[in-house]
Amino acid sequence: MNHKRTPTLRYILQGSHANYFSECHIEHALGGKPATAEKLAHRAIFTVQQLFRASHSVRIYQPLEVASEVVVHAFMLGFVSQDALSAVSLAGQIQFVYSLFLFAITAGVSIFAAQYWGIRNKRAVEKTLGIGLAFSVLLSLPFTIGATFFPEQLMRAFASDPVLIADGAEYLRVVGVSYLLLSVSQIYLCILKNCGNAVLSAVISSVSVVINIILNAAFIFGIGFFPKMGIAGAAIATVIAKVIELAWALLVMMKKDSVKIRLGWAIRPDKVLLRDFWKYTAPILGDELMWGLGFTMYSVIMGHMGSDAAAANSIANIVKNLVICFCTGIATASGIMVGSLLGQGEL
């Protein structure tokens, strides 16, 4: 057996289920004795279990936030009117396009944060966080400004019906500020996921989703003392949920020994790290944009076909987004696990 690979095999066998294996078992595996295949098979099963647990808590929740908004809006606004459902579904494509940029940035952050955290290099993780925040905030500004101040112009790209344009503009005008909030919260939650706090990150994201669902019902239908606001209520609920998510993430950052946001690293990033960051992030961004814009064109075509087609397309998008959540969770959890091993020099 190649002894240069011994540390990697030892690391795999001594993972979270190290108690299952005695040192004798490990040496048997490394020595190629008959029990090796059985032990490695057991460990492979445990590794797959770890992967699914990691994917559940690591990365499913970011796309789940986008998908949950689509599901909630489709279900609740469907009781308001078909035009409201169609308009908000089309307006949601603005956030979908923005999420493509955000996903590419968080993927780049994950690549480096997982490796640096593998060797417990907190300073390098904070440098990576600074670069990620700088670009995510800069990318959010055009979307925030466009949605807030020029919503009608944006909606005309997705629909020709005056009613859909007016209703969609009403939603975008309010929800636009949430894009800026997401640019900070999602990058920091990404850091938490890669630095041993995947469960906490998942809890923050899932609580935000639950709050969004509850407030959507309250503001759309005017439950209790909440005013009945329809489309505007859906947007307000989303903004409030994102404010809570960001505030919680910042409270976690303030704890002792947490990875901190250093504005200096965002304003004056490390040049070597910046070059490497874009070396790996640019291809991801290109892939996401080509794939995402292709799907967005479906909504553009359907939107110009009228309210009926747009409503039908919004329902179909629910299934698509939920499948994407699952696949993205598995893929990114794998990347984080491999990145951590690379950082420790185990691969």
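Before reading on, note that the structure itself is shown above.
Residues numbered from 1 in each chain as written. Predicted model: local features only at pLDDT ≥ 70, side-chain atom pairs only at ≥ 80, totals over all residues. Heavy atoms only, no water.

Caption draft 1: Summary view of the environment of F226. With respect to the secondary-structure elements, F226 resides in the loop between α10 (198-221) and α11 (231-253). Separated by 11 residues in the primary sequence, F226 and L215 have C-alpha atoms spaced 9.1 Å apart. If we skip the residues at most four places from it in the chain, F226 touches L215, A218 and F219. (Helix = DSSP H or I, 4+ residues; strand = E, 2+ residues; numbered from the N terminus. Contact = heavy atoms within 4.5 Å.)

Caption draft 2: Examining the packing of helix α6 (residues 122-149) against helix α13 (residues 271-305) more closely. At a closest axis distance of 11 Å, the pairing of α6 and α13 adopts a crossing angle of 60°. Considering their axes alone, α6 and α13 lie oblique with respect to each other. Note that α6 runs across α13; the crossing there is right-handed. On α13, the residues that touch A124, K127, T128, I131 and F135 of α6 are L273, L274, F277 and W278. Counted by class, the contact of α6 with α13 contains 7 nonpolar, 1 polar and 1 charged residues. (Axes fitted to C-alpha atoms, helices over the stretch in contact; angles between N-to-C directions. Parallel < 35°, antiparallel > 145°, perpendicular 65-115°, else oblique. Left-handed = near helix turned anticlockwise from the far one by under 90°. Nonpolar A, V, L, I, M, F, W, Y, C, P; charged D, E, K, R; others polar.)

Caption draft 3: Structural context of helix α5 (residues 82-118). Here α5 contains 37 residues, and its C-alpha end-to-end distance of 50 Å stays within 8% of the 54 Å for a straight helix at 1.5 Å per residue. The buried count for α5 comes to 31 of 37 residues, which makes it a mostly enclosed element. Phi for R120, located one or two positions after α5, is positive at around 55°. (Expected span 1.5 Å × (residues − 1). Buried < 20%, exposed > 50% of the residue type's maximum accessible area, 1.4 Å probe, protein only.)

Caption draft 4: The environment of G233, seen in detail. Position of G233 relative to the elements: it lies in helix α11. With residues near it in sequence (within four places) discarded, G233 still touches F219 and I220.

Caption draft 5: Inspection of the packing of aromatic side chains at higher detail. Overall, the coordinates contain 11 aromatic pairs when judged by the stated rule. Aromatic side chains F135 and F277 sit 6.4 Å apart centroid to centroid with 10° between the ring planes, which places their arrangement in the stacked category. Of this pair, F135 sits in helix α6 while F277 sits in helix α13, and the two are 142 residues apart along the sequence. A relative accessible area of 23% places F135 in the partly exposed class. The interplanar angle of 70° and the centroid separation of 5.1 Å between the aromatic rings of F219 and F226 together place this pair among those described as edge-to-face. (Phe/Tyr/Trp six-rings, centres within 6.5 Å; stacked < 30°, edge-to-face > 60°.)

Caption draft 6: Seen up close, the side chain of N194. With respect to the secondary-structure elements, N194 resides in helix α9 (residues 177-194). At 2.7 Å, the side chain of N194 forms a polar contact with the backbone oxygen of C190. (Polar contact = N/O pair within 3.5 Å; in protein donor to acceptor, adjacent residues only side chain to side chain.)

Caption draft 7: How the structure looks around the side chain of S201. Examined against the element boundaries, S201 turns out to sit in helix α10. Not counting the four nearest positions on each side in its chain, S201 is found in contact with L189, L192 and K193.

Caption draft 8: Looking closely at a nonpolar patch on the surface. Taken together, the side chains of L138, L141, I145, F149, F150 and L180 present a nonpolar region at the surface, about 580 Å² in accessible area. Examining the composition of the nonpolar patch, we find that 4 residues originate from one element, α6, more than from any other. Examined against the element boundaries, I145 turns out to sit in helix α6. (Patch = residues over 30% accessible without salt bridge, like charges linked within 9 Å, V, L, I, M, F, W, Y side chains within 5 Å. Areas by Shrake-Rupley, 256 points an atom, 1.4 Å probe, with all protein chains shown as cover. Salt bridge = Lys/Arg side-chain N within 4 Å of Asp/Glu carboxyl O.)

Caption draft 9: Focus on the state of the cysteines. For the coordinates displayed, the defined rule picks out 0 disulfides. Free cysteine: C195, not disulfide-bonded; nearest cysteine sulfur from C190 at 8.7 Å. Assessed through its relative accessible area of 6%, C195 is described here as buried. (Disulfide = S-S within 2.5 Å.)

Caption draft 10: Here's a closer look at the packing of α6 against α9. It is at 7 Å that the axes of α6 and α9 come closest, and there the two elements cross at 160°. By the angle class used here, α6 and α9 are roughly antiparallel. By crossing handedness, the relation of α6 to α9 is classed as right-handed. Taken together, the residues of α9 that come into contact with α6 (itself represented by V125, L129, G132, L133, S136, V137, S140, L141, F143, T144, A147 and T148) are V177, Y179, L180, S183, V184, I187, Y188 and I191. Class assignment of the residues belonging to the contact of α6 with α9 gives a composition of 14 nonpolar, 6 polar and no charged.

Read these as spatial facts, not as claims about activity.
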